[in-house]
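Structural characterization, general
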Amino acid sequence: VQLVESGGGLVQPGGSLRLSCAASGFTFSSYAMSWYRQAPGKERELVAFINIFGSSTDYADSVKGRFTISRDNAKNTVYLQMNSLKSEDSAVYYCNAINRLMDYWGKGTLVTVSS
């Protein structure tokens, strides 16, 4: 089982990034997917959630209207489009796959928002 995040990097405030998480080794379409983030000295927090069909999403209040989660079950990939980035969005972003029985995590990708 693997979840591999990519797309992180350094971006200026107000900029955009698109994170990807490629899944393998399990039936991707049977898992709800989420993005979490963890900033230094802070607890890991849920950023965005998408159900198995991609028909339902939910977001942390701090990112609503700026971030969009989506998935492509044919490509076994979940995305996080991040717009209007702020310095407080800087964190390691993790991909999570979950169903009733199992819970998988990626190793994370670093996002730094700074001028």
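Residue numbering note: each chain is counted from 1, following its sequence as written. With pLDDT at 70 or above as the cut-off, local features in this predicted model cover only qualifying residues; side-chain atom pairs require 80 or more to be listed or tallied, and sums for whole chains, interfaces and linings still use all residues. Neither water nor hydrogens contribute to the side-chain values; these are computed over all heavy atoms in the structure.

1. Details of the overall build of the protein chain
Tallying secondary structure elements over the protein chain gives 0 helices and 11 strands in all. Taking the principal axes of its C-alpha atoms as reference, the protein chain extends roughly 40 × 25 × 25 Å. Nonlocal contacts in the protein chain, meaning residues at least 24 apart in sequence, comprise 53% of its contacts between residues at least 6 apart. Working definition of accessibility: Shrake-Rupley area with a 1.4 Å probe, residue cover restricted to the visible protein chains. Counting every atom, the protein chain has about 6200 Å² of accessible surface; 48% of that belongs to carbon and sulfur. By the counting scheme adopted, Arg and Lys are positive, Glu and Asp are negative, and His together with the chain ends is not counted. Positions of charges follow a simple convention, taking NZ of Lys, CZ of Arg, CG of Asp or CD of Glu. Charge centroids of the protein chain, computed over 11 positive and 9 negative side chains, lie 4 Å from each other. What counts as a helix is a DSSP run of H or I of at least four residues, what counts as a strand is a run of E of at least two, and both are numbered from the N terminus. Any two residues whose heavy atoms approach within 4.5 Å are treated as being in contact.

2. Looking at the nonpolar core
Core analysis: the biggest nonpolar cluster contains 31 residues, and L3, M33, W35, V78, L80, M82 and Y93 have the highest contact counts within it. Elements with a minimum of two residues in this core: β3 (17-24), β4 (32-38), β5 (45-50), β7 (67-72), β8 (77-82), β9 (91-98) and β11 (109-113). Setting aside chain neighbours within four positions, we find M82 in contact with G15, S16, L17, L19, R66, F67, Y93 and V111. Grouping buried Ala, Val, Leu, Ile, Met, Phe, Trp, Tyr and Cys residues that are joined through side-chain atoms within 4.5 Å yields what is termed a nonpolar core. We call a residue buried when its accessible area falls under 20% of the maximum for its residue type, exposed when it is over 50%, and partly exposed in between, using a 1.4 Å probe and counting protein chains only.

3. Examining the packing of aromatic side chains
Aromatic pairing here means that ring centres of Phe, Tyr or Trp (its six-membered ring) are within 6.5 Å. Orientation follows from the plane angle: under 30 degrees is stacked, over 60 is edge-to-face, and everything else is tilted. This structure, assessed with the given rule, holds 4 aromatic pairs. Cluster of aromatic residues (ring-pair linked, three or more members): F26, Y31 and Y104. The ring of W105 has R44 lying over it, and the distance from NZ or CZ to the ring centre is 4.7 Å. Lysine NZ or arginine CZ positioned within 6 Å of the ring centre and within 35 degrees of the ring normal marks a charge as sitting over the ring. Its guanidinium or amino end placed over the ring of F28, R71 lies 4.5 Å from that ring's centre, counting from NZ or CZ.

4. A few points about the pattern of salt bridges
Here a salt bridge means any side-chain nitrogen of Lys or Arg lying within 4 Å of a carboxyl oxygen belonging to Asp or Glu. Counted under the stated rule, the structure contains 4 salt bridges. For E45, the salt bridge identified is with R37, shortest N-O distance 2.6 Å. Where D61 meets K64, a salt bridge forms, and the shortest distance between an N and an O atom there is 3.2 Å. Look at the salt bridges and you will find they share partners, linking R37, E45, R66 and D89 into a network.

5. Thoughts on the sheet that holds β3
What makes two strands pair is DSSP finding at least two bridges between them. With antiparallel pairing, the 4 strands of this open sheet are ordered in space as β1-β3-β8-β7. Each of the sheet's edge strands pairs with one partner strand only, and the pair in question is β1 (2-6) and β7. Taken pair by pair, the neighbouring strands of this sheet meet at an average axis angle of 15°, ignoring direction. Across 5 bridges, the pairing between β1 and β3 is antiparallel. If you follow L3 over to β3, its bridge partner there is A23. Fitted lines through C-alpha atoms serve as axes, helices being fitted only where they are in contact, and the angles separating the N-to-C directions of these axes extend from 0 to 180 degrees.

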